[in-house]
Amino acid sequence: YAGSEACQPCHSLIYASWRKTGMGRMFRPYRAENIIGDFRAGGVFGDETGAAVARMSVQHDQCYIAIRDAAGTWKTYPVDYTIGSKWQQAYATRLPGGDIQVFPIQYSAIQKKWINYWKIIDPPSSPRAGVSDFPNFTAATNYQTNCAPCHASHLRLVKTNPSGGGDYAFHEGGINCEMCHGPGQDHVAAMASGKTIRTKADIHLTSFSDMDARDSVAVCAQCHAQSAVRQPGPLGEMNYPSPGV
């Protein structure tokens, strides 16, 4: 994998356009200017009884979300990542062991309020839809194991017997060029060497220019059919398989 920055020198217009898309902004490290949620002091999210179970705040340009656990104790976590950039935005925090946990509440820019998104999309009695259960840090709210197969490039295992999200690594957050075109390092090296493209194989990437509709949809369906690969390949890879596409 080469990363999206390696594509920019030769594909500057496409790169600039991609950076403005929802895919390009899907998963980003925290920056105050990227926040669309209402973190003003006093922001509270309540459960069905009206009792406060989450509190939002800002301190020195850093956003925080505090969650009340089942025992009634408030635990505060920094927002380390943003997920989404347009009509809705989720937030995640990185734990000391490397696990990235996604908060149960998201901000709806359309409704202009905080919502429990998982309660909306999950079946009844979903464990992760209980806001006060968030401090339990279950696999269902772990970004690397639950979200990253579609939302991170070059997701791979770095430990043979994983016990959590910290045992996974990814080259770049968000949905970048290589999520659709496959690993680009060979392509970058070939173009840098001045190699002439004579056949499709010379591109060293999945090309859509002469791909039929069935194959094209198959590439998109890796994520859009909600059937992302959840089991690692022979080299630990979680995106494109090692032999290529």
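All of the points below concern the structure found in this document. Please read all numbers here as calculations on a predicted model, not as lab measurements. (Residues numbered from 1 in each chain as written. Predicted model: local features only at pLDDT ≥ 70, side-chain atom pairs only at ≥ 80, totals over all residues. Heavy atoms only, no water.)

## A look at the overall build of the protein chain
The condition that has to hold: To qualify as a helix, a DSSP run of H or I must reach at least 4 residues; to qualify as a strand, a run of E must reach at least 2; elements of each kind are numbered from the N terminus. Exposure is judged per residue with a 1.4 Å probe applied to protein chains only, and the accessible area is read against the type maximum: over 50% gives exposed, under 20% gives buried, and values in between give partly exposed. Residue contacts follow a heavy-atom distance rule, with two residues in contact if any of their heavy atoms lie within 4.5 Å. Only the protein chains shown count as cover for residues, and all accessible areas are computed by the Shrake-Rupley method using a 1.4 Å probe. Neither His nor the chain ends contribute to the count of charged residues, in which Lys and Arg are positive and Asp and Glu negative. To locate a charge, take atom NZ for lysine, CZ for arginine, CG for aspartate or CD for glutamate.
Assigned secondary structure in the protein chain consists of 7 helices and 14 strands. Taken over the C-alpha atoms alone, the protein chain extends approximately 65 × 40 × 35 Å along its principal axes. The burial tally for the protein chain puts 40% of its 245 residues in the buried class. Contacts spanning at least 24 positions in sequence make up 47% of the contacts within the protein chain whose residues lie at least 6 apart. Carbon and sulfur atoms make up 54% of the accessible area of the protein chain, which amounts to about 13,500 Å² in all. When the 22 basic and 20 acidic side-chain charges of the protein chain are each reduced to a single mean position, those positions are 4 Å apart.

## Description of the sheet that holds strand 2 (residues 43–46)
So the rule is basically this: Here the rule is simple: two strands pair whenever DSSP picks up at least two bridges between them. Throughout, an axis means a line fitted to C-alpha atoms (over the contacting stretch in the case of helices), and angles, computed between N-to-C directions, take values from 0 to 180 degrees.
What the 4 strands build is an open sheet, ordered 2-3-4-5; its pairing is antiparallel. Here the strands that pair on one side only, and so sit at the sheet edges, are strand 2 and strand 5 (74–78). Sheet twist, expressed as the mean angle between neighbouring strand axes with direction ignored, is 20 degrees.

## Focus: the environment of aspartate 210
If you trace the backbone, aspartate 210 turns up in the loop between helix 6 (185–192) and helix 7 (213–224). Overall, aspartate 210 belongs to the exposed group, its relative accessible area being 52%. Each C-alpha atom, one on aspartate 210 and one on lysine 200, is 9.2 Å from the other, the two residues being 10 residues apart in sequence.

## Section: the side chain of aspartate 69
Which entries qualify depends on this criterion: Any pair of N or O atoms that falls within 3.5 Å is considered a polar contact. Within protein, one atom must be able to donate a hydrogen and the other to accept it, and sequence-neighbouring residues count only if both atoms are side-chain atoms.
You can see aspartate 69 is positioned in the loop between strand 4 (62–68) and strand 5. The exposure class assigned to aspartate 69 is buried, which follows from its relative accessible area of 12%. Among the polar contacts made by the side chain of aspartate 69, one reaches the main-chain amide nitrogen of alanine 71 at a distance of 3.0 Å.

## Some words on the packing of aromatic side chains
Two aromatic rings are characterised by how far apart their centres lie and by the angle between their planes. The condition is simple: Any pair of Phe, Tyr and Trp rings, taking the six-membered ring for Trp, is counted once the centres come within 6.5 Å. Such a pair is stacked with planes under 30 degrees apart, edge-to-face with planes over 60 apart, and tilted for the rest. Put simply, a charge is over a ring when the Lys NZ or the Arg CZ is close to the ring centre, within 6 Å, and near the line of the ring normal, within 35 degrees.
For the structure shown, the criterion picks out 14 aromatic pairs. Between tyrosine 77 and phenylalanine 134, the ring centres sit 5.6 Å apart and the planes meet at 85 degrees, which makes this aromatic pair edge-to-face. Here the residue tyrosine 77 occupies a position in strand 5, and phenylalanine 134 occupies one in the loop between helix 2 (117–121) and helix 3 (143–146), the gap between them amounting to 57 residues. With a centroid separation of 5.8 Å and 50 degrees between ring planes, the pair formed by tyrosine 91 and tryptophan 114 is classed as tilted. Taken together, the positions of tyrosine 91 in strand 7 (residues 88–94) and tryptophan 114 in strand 10 (residues 113–116) put the pair 23 residues apart, joining distant regions of the chain. Of the residues examined, tryptophan 114 reaches a relative accessible area of 10% and is grouped as buried. Put simply, the rings of Phe27, Tyr81, Tyr143 and Phe170 touch in pairs and so form one group of aromatic residues. Sitting over the ring of tryptophan 74, arginine 55 keeps its end group 3.8 Å from the ring centre.

## Comments concerning the state of the cysteines
Quick reminder of the rule: Pairs of cysteine sulfur atoms within 2.5 Å are identified as disulfides in what follows.
One pass over the structure, following the stated rule, counts 1 disulfide. Here cysteine 150 engages in a disulfide with cysteine 223; their sulfurs sit 2.4 Å apart. As the torsion about the S-S bond is roughly -110 degrees, the cysteine 150-cysteine 223 disulfide counts as left-handed. Of this pair, cysteine 150 sits in helix 4 (residues 148–151) while cysteine 223 sits in helix 7, and the two are 73 residues apart along the sequence.

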